[in-house]
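Geometric and topological summary
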Amino acid sequence: MSHNILKINHLHANIGSIKILKDLNLSINSGEVHAIMGPNGSGKSTLAKVISGHPSYNITQGSIIFNGQDITYQEAEQRSHNGIFLAFQYPVEIPGVSNIDFLRLAYNSQRKYNNEPELDPLSFFNLISQKIKIVGMDSKFLTRNVNEGFSGGEKKRNEILQMALLNSKLSLLDETDSGLDIDALKTIANSINSLRDMNKAIVLITHYQRLLDYIIPDYIHIMQDGQIVRTGDANIAKQLEKHGYDLISKTSNH
């Protein structure tokens, strides 16, 4: 049976003195995939960062409830351990740190937090070897430095590999489709689809309809000026493709 994973009530958030989120409301249940669309500067990426606890953003009003717990002012690290995952639009390179060491450290710190035994390098290698099949990655990626010299598609696959490994309850994918050619897009979409699960939820933040041709969301929310102005099913994306955001603002259901 599905349960509520995320409930955002009347959320206001600033960066410095600039107001970005303005009275935003959102509810997500387990088993659901939600897409958040909107023009540049509408607050889509800010929303993902605020949910994941990015320290640059200041919440001035409202609340974020995750799995029944108020996390409005919780540290990002604790949110991550509790099951919130953010895949970045521009994944960073970490020179001098191999992918497998980075992934094992992330995985073991989560296990430690949950009072579970940490995995030794060999056990972890066996686990990660299963997970890389999900994202269609070659095992040689594990020995390379994190994202160093990776193509756009490889970096995005690496993010989805982390999502598969950490088994997060709520995964926020910020413009995972940006900069991908159609083959890489299909691979990433198939990987994400294979990770859909009745106990988890996924939020896709995207500009484009094309990702939603491969990952069909249960709901699409349109953001404008720091608010969700319209919510509907997958058909909204097709209307957007035809008419652009002007149509949405004219028919918005404030």
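The coordinates are above.
What counts and how
Residues numbered from 1 in each chain as written. Predicted model: local features only at pLDDT ≥ 70, side-chain atom pairs only at ≥ 80, totals over all residues. Heavy atoms only, no water. Axes fitted to C-alpha atoms, helices over the stretch in contact; angles between N-to-C directions. Helix = DSSP H or I, 4+ residues; strand = E, 2+ residues; numbered from the N terminus. Parallel < 35°, antiparallel > 145°, perpendicular 65-115°, else oblique. Left-handed = near helix turned anticlockwise from the far one by under 90°. Contact = heavy atoms within 4.5 Å. Nonpolar A, V, L, I, M, F, W, Y, C, P; charged D, E, K, R; others polar. Pairing = 2+ DSSP bridges.

Another point: the packing of helix α3 (residues 99-113) against helix α5 (residues 152-166). Between two packed helices, what matters for the description is the angle formed by their axes and the separation of those axes. Packing of α3 against α5 leaves a shortest axis separation of 10 Å and a crossing angle of 30°. On the basis of their axis angle, the class for α3 and α5 is roughly parallel. Note on packing geometry: the crossing formed by α3 with α5 is right-handed. Every residue of α5 that contacts α3 at N99, F102, L103, A106, Y107 and Q110 is listed here: N158, L161, Q162, L165 and L166. Tallied by class, residues from the contact of α3 with α5 come to seven nonpolar, four polar and no charged.

Moving on, we get to the pairing of strand β4 (residues 58-66). Working note: regular strand, side chains alternate between the two faces of the sheet. Alignment of strand β1 (residues 4-15) against β4, held across seven bridges, turns out to be antiparallel. For N14, the partnering residue across the bridge sits in β4 and is N58. Following β4, the chain reverses through two residues before pairing antiparallel with strand β5 (residues 69-70); N67 in that reversal takes a positive phi of roughly 55°.

Keep in mind these values describe shape, not function.
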